[in-house]
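Observations on the model geometry
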Amino acid sequence: MSSQQSEPRPPRASAAPRTLAEELRARSDEALAELLHSRPDLLNPVPSDLTQLAARASGRASALRALERLDRFTLQVAEALAAAPDASQDTLVRNLLTGPARVKPHAQADPVDRQAVTAALPGALATLRAQSLLWGPDSALRLVIAVREALAPTAANPGRTGLGPTLAEATTGMSPARLQQLLAGAGLPATPDPVSAVAALAGLLSDRKRCTALLAEAPEPALALLERLVWGPPTGTVPDAARQVTADEVRSPVEWLLARGLLLPSSPTSVVLPRELALHLRGGRTHRNVEATRPVPAADARRDPQAVDSAAAGQAYTAVRTVEELLDAWGLQSPPTLRAGGLGVRDLKRAALTLECSEPVAAFWLELAYVSGLLAPDGEADERWAPTPAYDSWLQQPVAERWELLARDWLATTRVAGLTGTPDGKGKARAALGAELDRTLAPPVRHATLALLAELPPGGTAAADTLLPALRWQRPLRGGPTGPDGRDFRDHLTTWTLSEAELLGLTGRGALAAPARALLAGKDPAAVLEPLLPQPLDHVILQPDLTAIAPGPLLTPLAQALALCADIESKGGATVYRFGTDSVRRALDAGRTAAELHTFLAKHSRTPVPQPLAYLIDDVARRHGVLRVGAASSYLRCDDTALLAEVLADRRAVELRLRLLAPTVLAAQAAPDTLLAVLRAMGYAPAAESADGDVVITRPDSHRTPPRSAPAPVPDGPPRPDDVLLGAAVRAVRAGDRAATAVRRETVAGPAATPQQTGPARTDLRHLPRTAAADTLAALQTAVMLGERMWIGYVNAEGLASQRVVDPVKVEGGFVTAYDHHADEVRTFALHRITGVAEVDESA
């Protein structure tokens, strides 16, 4: 079997590939896998052979996506190739980037490092080749058609080079008589046809010595006009641009240039500078500024690395506690979702008040909880935002691990909190947690921004303006839309990334912290953060003024229990809690008793429980539950008839429309929660009861969504394949290419046979081998005995025709078992679906 499945010999490689498919055919499997990994859209579906792969790689949509991932220098190399003639040498590309060595550069051109360009050019060409945007040897470099069309300068789209069309392109459609006038105006002899006339004019502008002599005759105003167009845009507006003025009739600088073909009409009211003349005026350069290497950002300031790590760790703890505080509050009072999705403006303001921060910062914390899977809509008819069951599991983890989840999900998410409140395409403000906040540009910009910070020395800080030149160099075409302020979306993303990284604790005092460096390096950031975090405390200090001071971060169970019976009054290095009637009643509503509260405070206080606090707890507990509220619409029950009469007579209860049903029962025409709220506002301490008469205990974690998964980042194109899929795809493409290019011998004779074909096999039914059934069976049986390789035509059950190169193993029962080189596996073929057979000529 091994001899039957041996690989056929690779096709002979020519001295230079004539097509992109031939170049792909000469590449190694590793190079093909690299191409498919970097351009996964080529695998949808897997190409049948290398010719189809080359066609896809040359497609406009795929090629433009590949261009977006090039750095600035590689893109400038591609732009120089697009401005040069097809099949140019690499030395010409280098000269277009740096200018010829003996030619004086233009006064407005930035200095260029020739050595850096020479050193970086082979790598840029290799990148373009690896991406299949360029093919051919260094002596005849060719861009794929889609790339050349996208980057070639035109009058309407000069691109980043600022060049215009070539003289041949600009004179398309010009009359032969006018071309002869331009020849005469430029001092050139007449030619017999338009093609040679255009070639003569182009040769004049490309010849530096002759072009310099022609420009020496130009008047100063004409040269000034050329200077205005030299670096782009290459077009200018003039009246009657198409007038056929001759050298003897000129009356203005523009006419002097038009008469000699130094300016050409691009429309009835505009002229364009030919590309050859622009390159001459520029000193042979396509770009004013050539950046062969990425700009290296320098630190704006230096901080003490220990102080940076300490500040970042403190902020990391604050980030975890902020998310916890927000979700605890929303577990008690869940805000509704908007009909179109997202959170209302009023609820965003309430969240900002709860967290004591601005609305943009509150939107960031909400988005952070959402992308981490801790917050989601509950899916009910009256849908609300609420914590998920994953939040309860998250609370049980150590602080460092909780922070790691937040940091990783923030780094990977495509949602951008900074877009909250900005106008959408219809002019409406985007809602927090809405569906319009996803941007595929966000993850790569976050990674790149933090990676640049990681390159700085420990403790080095850098503002957005310092990092943006390097970010723009890395992906010049991935800046996103430009806003009214003239800044593109990447500029805003960089600013938001730095501020959000500071809020999250990835940076401290503007410098990248050690846990963030570990996260970027693929290490365990929680292990780095753990020793930097402040140690949580298990005690507070009770004060006589009904406050409790937490001198540092508290253990999570202690913080939750304390927040149940007291309200946070202030935050900072120390947190101040205040006890009040409402907060104590909240704890009693949650099922705590007065004795449990006394025990809890005595256990966790470093000072004795103050007498005023003990009195407050006992007083609220004494009155708590004396009034009972149930559902009738609702009712109010109390064993103290005097207290019930007092409530009935109180004018503040008029909205409840109370009436006496029994000496100890009042009925109300209001919902139980409304009745509870009004009675508490009147100063009472009612308790809700169930239909069985038991007190209803309300817990802070009572509202949770069903299990919800975190929102997946929006994919930026097809997902990148793994190594297993890449290997299978390369094998399939190679096998299909062997079948498509296999040279076959004469088809076995038979009554159904078609004339011999000697070219590559095709999947058209007209070009499949045709043999009689008996001859097909005999040929396959002979191939099994002799171990020969066969080329077969096959039509499957869906009627799809295909060609296969197979090694037959067994023929019996109307089926052929053979190793299929296209599928790279052993398959069974029905004999009646085989259109014919032919031997593969392995000597070719």
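No experiment lies behind these values; they were computed from the predicted model shown.

Thoughts on the pattern of salt bridges
- Using the criterion set out here, one finds 37 salt bridges in the structure.
- A salt bridge links glutamate 68 to arginine 478; the nearest nitrogen and oxygen atoms lie 3.6 Å apart. Placement of glutamate 68 in the loop between helix 4 (60-67) and helix 5 (72-83) and of arginine 478 in the loop between helix 22 (464-474) and helix 23 (489-504) is noted, with a sequence separation of 410 residues between them.
- Classification of glutamate 68 as partly exposed rests on a relative accessible area of 27%.
- Residue arginine 478 is classed as buried on the basis of its relative accessible area of 15%.
- What you see here is one network of salt bridges that share partners, running through Glu68, Arg69, Arg478 and Asp716.

Quick notes on the pairing of strand 19 (residues 665-668)
- The alternating pattern of strand 19 places Val665 and Ala667 and Leu666 and Ala668 on opposite faces, both of which are buried.
- Across four bridges, the pairing between strand 17 (residues 634-637) and strand 19 is antiparallel. Its bridge partner lying in strand 19, leucine 636 is registered against leucine 666.
- Connecting strand 18 (residues 659-662) to the antiparallel partner strand 19 that follows it, the hairpin turn spans two residues.

Some remarks on the side chain of arginine 178
- Structurally, arginine 178 can be placed in helix 10 (residues 176-185).
- For the buried residue arginine 178, which engages in no salt bridge, the nearest side chain bearing the opposite charge is glutamate 249, 7.1 Å off.
- When neighbours within four sequence positions are excluded, arginine 178 is seen to be in contact with Arg243, Gln244, Val245, Leu258 and Ala259.

Here we look at the sheet that holds strand 23 (residues 815-820)
- Read across the open sheet, the five strands follow the order 24-23-22-21-25; overall the sheet is antiparallel. Two strands lie at the open edges of the sheet, namely strand 24 (825-830) and strand 25 (834-839), each paired on one side alone. Averaged over neighbouring strand pairs, the angle between their axes works out to 45° when direction is ignored.
- The sheet contact formed by strand 21 (residues 790-795) and strand 22 (residues 801-812) spans six bridges and is antiparallel. Considered in strand 22, the bridge of methionine 790 is made with valine 806.
- Contacts between helix 33 (residues 773-786) and the sheet are confined to strand 21, strand 22, strand 23 and strand 25, with strand 22 contributing the most and set at about 65° to the helix.

Thresholds, definitions, all that
For every chain, the first residue of the written sequence is number 1, and numbering continues from 1 along that sequence. Per-residue local features are limited, in this predicted model, to residues with pLDDT of at least 70; the limit for side-chain atom pairs, both in listing and counting, is 80 or more; totals at the level of whole chains, interfaces and linings are taken over all residues. As a rule here, side-chain values cover all heavy atoms of the structure and leave hydrogens and water aside. A side-chain nitrogen of Lys or Arg and a carboxyl oxygen of Asp or Glu constitute a salt bridge if their distance falls within 4 Å. A helix here means a DSSP run of H or I that spans at least four residues, while a strand means a run of E at least two residues long, and both kinds are numbered starting from the N terminus. Throughout this description, buried means an accessible area under 20% of the type-specific maximum (1.4 Å probe, protein chains only), exposed means over 50%, and partly exposed covers the range between. In this description, strands pair whenever DSSP reports at least two bridges between them. Here Asp and Glu are counted as negative and Lys and Arg as positive; His is not counted, and neither are the chain ends. Any two residues having at least one pair of non-hydrogen atoms within 4.5 Å are treated as being in contact. Lines fitted to C-alpha atoms define the axes, with helix axes restricted to the stretch in contact, and inter-axis angles between N-to-C directions lie between 0 and 180 degrees.

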